[in-house]
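An overview of the molecular structure
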Amino acid sequence: MDTHVKVADRQVMVRQNSAAKYKKLRSALTIGAFVAPAIIIYTVYVLFPIISTLMYSFYKWDGMGVGVFVGLQNYIDLFKDAIFWRALTNNTWVVLTSVFAQIPLGLVMALMLFAPIKGIKFFGSVYFFPFLMSTVAIGLLWVLMFDPINGIINSIINLFGFENVSWLSETNTALFAVLLVIVWQFSPFYMILFKAAIVGISDELYEAAEIDGANPFQKFFKITLPLLMPTIVSSSILAIVGSLKAFDIFYIMTGGGPNHGTELLGTYMFKQAFINFNMGYASAIAFVMFFLALFVTIIIQVMDHLRKKKGAYGI
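What you are looking at is a predicted structure, and each value in this text was computed from that prediction instead of being measured. (Residues numbered from 1 in each chain as written. Predicted model: local features only at pLDDT ≥ 70, side-chain atom pairs only at ≥ 80, totals over all residues. Heavy atoms only, no water.)

A few words on the packing of helix H7 (residues 171-199) against helix H9 (residues 216-244). At a closest axis distance of 10 Å, the pairing of H7 and H9 adopts a crossing angle of 160°. If you check the angle between H7 and H9, you find them roughly antiparallel. Two packed elements cross with a definite hand, and for H7 against H9 that hand is right-handed. Here H7 contributes Phe189, Tyr190, Leu193, Phe194, Ala197 and Ile198 to the contact with H9, which in turn contributes Leu228, Thr231, Ile232, Ser235, Leu238 and Ala239. When grouped by side-chain class, the residues that make up the contact of H7 with H9 number 10 nonpolar, 2 polar and no charged. (Axes fitted to C-alpha atoms, helices over the stretch in contact; angles between N-to-C directions. Helix = DSSP H or I, 4+ residues; strand = E, 2+ residues; numbered from the N terminus. Parallel < 35°, antiparallel > 145°, perpendicular 65-115°, else oblique. Left-handed = near helix turned anticlockwise from the far one by under 90°. Contact = heavy atoms within 4.5 Å. Nonpolar A, V, L, I, M, F, W, Y, C, P; charged D, E, K, R; others polar.)

Structure follows, in structure tokens:
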């Protein structure tokens, strides 16, 4: 009798285990079916180009014939290239401008949208307008504004007794002029990010701070800024990665000139690939850009993780 009961119990357990395994397998297949399209698209459009770029960087190739394997020679030549270092320096200036000008200005603009000022919603639309414009249109617009003879910028400085400046044709001013345009164009993007983050902060925190007698500056530095730190970190990553791969506005306004004064890694890569037809060398530049962006992103993420772990901003 007991033997039959044990056998029956074992059969029930086997059926239950089989049902559980089938349920897990079905769940895994369902998840795989939903995830597979994203993995395929990511592999085809992200991983494969990265790996291909790395492979091409080991060849001397004009983009049409059969490439000649040269190993690390492209990278050796790259690190001896003065123009590459000039472009990297200019990219560094773009990164610094993006992080220390665009992001703070975007935060200030976002805070202004919450000020008790009549018609502030209209100004919010005006602030965001530059980001909605085409980069080509922005480049051409500012080229006209920086015109050394008829440009509005020189007309304004003439009112203060200064002489005309050839903003985009002088090495000392060209980079500054394009950086000014970049700040004007992309600050509204960070304004929107900060505005969304500020809306998510509970009013109860500010009410409690007012009861404790906190002034506006104390509320900003003790409540608003700490709670905005995740957004600031994300914005910094976007700004740095975007700055390292910057291309369009510089190519439209200056083409990397004068005398490589506004040359970036992106513009230099484009010239090597599609003007000099040196695809292997251009691939080496592209992979260096990818490596720098990845390295900086990892550093920021690690620092952010350590700060969260220490409770640096209470989240």
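All right, on to the environment of alanine 110 then. Summarising the element assignment, alanine 110 is placed in helix H3 (residues 82-112). Looking at alanine 110, the relative accessible area reads 0%, which means it is buried. Along the backbone, alanine 110 and valine 44 are 66 residues apart, and their C-alpha atoms lie at a distance of 38 Å. Apart from the residues within four sequence positions on either side, alanine 110 is in contact with Met191, Phe194, Lys195 and Ile198. (Buried < 20%, exposed > 50% of the residue type's maximum accessible area, 1.4 Å probe, protein only.)

Turning next to a nonpolar patch on the surface. Nonpolar side chains collect at one region of the surface, where Phe290, Phe291, Leu294, Phe295, Ile298, Ile299, Val302, Met303 and Leu306 lie side by side and expose about 810 Å² of accessible area between them. Mapped onto the fold, leucine 294 is located in helix H12 (residues 279-310). Residue leucine 294 is classed as partly exposed on the basis of its relative accessible area of 40%. (Patch = residues over 30% accessible without salt bridge, like charges linked within 9 Å, V, L, I, M, F, W, Y side chains within 5 Å. Areas by Shrake-Rupley, 256 points an atom, 1.4 Å probe, with all protein chains shown as cover. Salt bridge = Lys/Arg side-chain N within 4 Å of Asp/Glu carboxyl O.)

This structure, assessed with the given rule, holds 2 salt bridges. For glutamate 210, the salt bridge goes to lysine 219, with nearest N and O atoms at 3.1 Å. Across the pair glutamate 263 and lysine 271 runs a salt bridge whose closest N-O atoms are separated by 2.9 Å. For the pair formed by glutamate 263 and lysine 271, the shared burial category is buried.

A few words now on the nonpolar core. Met191, Phe194, Leu228 and Ile240 are the most contacted members of the largest nonpolar core, which totals 24 residues. Breaking this core down by element, the ones donating at least two residues are H3, helix H4 (120-132), H7, H9 and H12. The element that contributes the greatest number of residues to this core is H9, accounting for 9 residues. Leave out the neighbours within four places in its chain, and leucine 228 touches Leu107, Phe194, Ala197 and Ile198. Core analysis: the next-biggest nonpolar cluster, separate from the first, contains 19 residues, Ile138, Ala177, Leu179 and Leu264 among them. (Core = buried A, V, L, I, M, F, W, Y, C linked by side-chain atoms within 4.5 Å.)

What follows is about the packing of H3 against H7. Working note: a packed helix pair is described by the angle between its axes plus the distance between those axes. Packing of H3 against H7 leaves a shortest axis separation of 6 Å and a crossing angle of 40°. The angle between H3 and H7 places the two elements in the oblique class. Judged by the twist between their axes, the crossing of H3 over H7 is right-handed. Tallied by class, the residues present in the contact of H3 with H7 amount to 19 nonpolar, 6 polar and 2 charged.

The next thing to look at is the confidence of the model for the protein. In this model, the protein carries an average pLDDT of 88, and 93% of its residues clear a pLDDT of 70 or more. Taking the mean pLDDT of every element in the protein, the minimum, 78, falls on helix H1 (residues 2-56) and the maximum, 95, on helix H2 (residues 73-79). (pLDDT = per-residue confidence, 0-100.)

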